[in-house]
Amino acid sequence: MKKKFRINPIMKKDMMVGARSIKMSFAIMGINAFLTLIVLFVMATNSMVGGMSGYDYSSLSYLFLALGCVECGLLSLIVPIITSGSISGERERQTLDIMLTTPVSPFSIALGKLGSAMMVVMMYMITSIPVMAIAFVLGGMSWWALLGLFGMLLYLGVYVGSVGVFCSSVVKKSVMATILTIVIGVAIITITFVILTVGLGVKSYEATLNNANNITVGATPMIMMLNPYSPLVDFFIRTMSSYSLYDLIKETGTLSAGYSKIYQAWIPISLVLNLLVSFGFLKLAARNIAVTRNKRRK
Amino acid sequence: MLEIQNLTKRYGKFLALDNLNLHIDKGEIFGFVGPNGAGKTTTMRITCGLLKATSGTVLVDGVNAITNPEDIKRKVGYVPDFFGVYDNLKVMEYMEFYGSMYGMSKEDVDEIAEGLLELVNLSDKKDVFVDTLSRGMKQRLCVARALIHNPDLLVLDEPNSGLDPRARFEMKEVLKNLGAMGKTIIISSHILPELSEMCTSIGIMEKGHLIASGKVDEIMQKSKGSQPIHMRAIMDGYDTEEDGREFLSTLLREQPNVEKVTYTEDEVLIAFNGNDAEAANLLKGLVERNVLVSNFYREKEDLESLFLEITGGAKE
Ligand SMILES: Nc1ncnc2c1ncn2[C@@H]1O[C@H](COP(=O)(O)OP(=O)(O)OP(=O)(O)O)[C@@H](O)[C@H]1O
Ligand SMILES: [Mg+2]
């Protein structure tokens, strides 16, 4: 068979169908309206604080942080909604069976569904550029920061989207899939956080037992690399200040050279790990897609 | 073409297919008949590589559907018993979408789809949104869709269910044309007469077993001759209704092949064991005796009676 690059057919179809529904236009308009409100709010409060001494434009760089966080937050809510019906919807519409009689593999179906969600994410990012630009023009942020943010948003979209597609392959109802996606996300965040806190707690307890001034940090914070938001945190710290997540970890105790290297490379390592996790979710989704059921007559 | 050997399928403990054996030649239109739950859909889904068998083999053109589900997908086109279409998608785009799933280029799909839409009589609907099509049109569109990759075997699961007589007729025409083109087709239904008109051979399935199979004529021959005849006659010349009935009954019982005569509210029901020519002779005989026959028809062959016959029962 001839190997040729082709757009995933499912993604192509979903984009065409999606573009024809008015829902998406409204969603994108709503999101940008929300972002604009935030800009206006920050600028208004800023001018009040500035008072007679004139307008302090440099503090507008915090707009970047505010908008960035809001965008991540919105993305984490929107992507579960977009992907929630991706598989369950095909099942409900009884089109999944037909899809499975074609040579397109279940994994490609999952990938196509993720791809169509990412297209919406991209649209959402692109349309938000004008609003984001305010923070750059007025606040003096570099365009690299925006590019970085978009990279981060894309990654986050892939992660949340994979979980979303997986949930859609498990649950029948779209609403349940949305909720399940958010629950899984919150669970991952909570579990990594609890492990970190307990781990560091144990370490400091040992330190007091041994009368040591400092705890040896070791590998415990690495668990946070599996927290999908940790690279974003590092990214925001790095763009807004001269610090990084590594500096924060360093302050908690002594750190060997090897671990230092690892924590300094938090963003790439964490990105790779989390993308592997999303790949795992997609694989699981593919497995669920492949299981077909005989529809029973009422 | 299609060779099913010792196919067994269990859903948990439930045995849906029990050592099924079936052989279908190339170019045949095979009718798969059986009551609800007989295992028709199960057999078809295994043949399409959608469902895993518990044991046994299914060979389509020598390719094993159970071990090579990926290869089978290029050889088989499937129209499921229940299926849906997408909103916001036009007929031609629908075809293009499924064509692209087989890795076909837009140009190739357009060319082939053109011909297929003509075949299923939907040429004038190319730019119509699929969800606005009628049920019958959707069914035909789905047949065209299943043919987009030029499969060797076409599997249709109850393509006529839920269609009105007109739509059924149109579907039948489509399938006849496909048969004429030399496609191998499997059609399931629980209505035998419908299948017997367009199929070349038939298999009757019950509870996971194939209880009879063969050429349509052979099967129909086995069952011919026991459908009752319904008749109405105008009996005005008699004093009482009773007298009229009495006369007609006697007359009928004298005729060959008549086994039993009963009266329903407004009809005479004749248990008749002859073929169609003999039934025609019965009518002729009555008319010659000046009976004013106003209505005379033979009950259609139905699955139930055929079943009972084949399995040794008798229809009352
Ligand atoms: N997913 C399933 N789980 C459990 N049992 C099933 C499943 N699918 C089918 N069955 C059972 O297997 C038997 C065969 O089902 P199948 O759908 O193949 O029958 P059919 O001949 O197509 O009937 P119908 O005329 O209703 O379409 C039925 O008794 C059905 O209840
Ligand atoms: Mg069925």
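Residues numbered from 1 in each chain as written. Chains lettered and ligands numbered in written order. Predicted model: local features only at pLDDT ≥ 70, side-chain atom pairs only at ≥ 80, totals over all residues. Heavy atoms only, no water.

In this section: the overall build of chain B. Helix and strand content of chain B: 11 helices and 14 strands. Projected onto its principal axes, the C-alpha coordinates of chain B cover approximately 80 × 45 × 30 Å. Residue burial in chain B is summarised as follows: out of 316 residues, 51% are buried. Long-range contacts, defined here as pairs at least 24 residues apart, represent 66% of the contacts in chain B between residues at least 6 apart. As displayed, chain B has an accessible area near 14,400 Å², and 48% of this comes from carbon and sulfur atoms. (Helix = DSSP H or I, 4+ residues; strand = E, 2+ residues; numbered from the N terminus. Buried < 20%, exposed > 50% of the residue type's maximum accessible area, 1.4 Å probe, protein only. Contact = heavy atoms within 4.5 Å. Areas by Shrake-Rupley, 256 points an atom, 1.4 Å probe, with all protein chains shown as cover.)

Residue and element names in this part refer to chain A. Taken N-terminus to C-terminus, the directions of helix α6 (residues 106–127) and helix α8 (residues 143–170) make an angle of 145°; their axes are 9 Å apart at the nearest point. Handedness of the crossing formed by α6 with α8: right-handed. Judged by residue contacts, Ala110, Lys113, Leu114, Met118, Val121, Met122 and Met125 of α6 engage Phe150, Leu153, Leu154, Gly157, Val158, Gly161, Ser162 and Val165 from α8. Among the residues making up the contact of α6 with α8, the classes are represented as 11 nonpolar, 3 polar and 1 charged. (Axes fitted to C-alpha atoms, helices over the stretch in contact; angles between N-to-C directions. Left-handed = near helix turned anticlockwise from the far one by under 90°. Nonpolar A, V, L, I, M, F, W, Y, C, P; charged D, E, K, R; others polar.)

A few words now on the domain arrangement of chain B. Domain assignment breaks chain B into domain 1 (2–214) and domain 2 (228–299). Taken over C-alpha atoms, the centre of domain 1 of chain B sits 44 Å from the centre of domain 2 of chain B. (Domains from an automatic or database assignment.)

Turning to the site of ligand 1, a few remarks are in order. Of all residues adjacent to ligand 1, which total 15 residues, the nearest are Asn36, Gly37, Lys40, Thr41 and Thr42 of chain B. Nearby residues around ligand 1 are contributed by chains A and B. Within the contact set of ligand 1, an oxygen atom lies 2.8 Å away from a side-chain nitrogen or oxygen of Asn36 of chain B. Residue Gly39 of chain B places a main-chain N or O atom 2.9 Å away from an oxygen atom belonging to ligand 1. Relative to its free-state accessible area of 630 Å², ligand 1 is covered by the protein chains to the extent of 80%. Of all the secondary-structure elements, those providing two or more residues to the shell around ligand 1 are β2 (14–24) and α1 (40–47) of chain B. The class makeup of the residues in the shell around ligand 1 is 5 nonpolar, 6 polar and 4 charged. (Near = heavy atom within 4 Å. Polar contact = N/O pair within 3.5 Å; in protein donor to acceptor, adjacent residues only side chain to side chain.)

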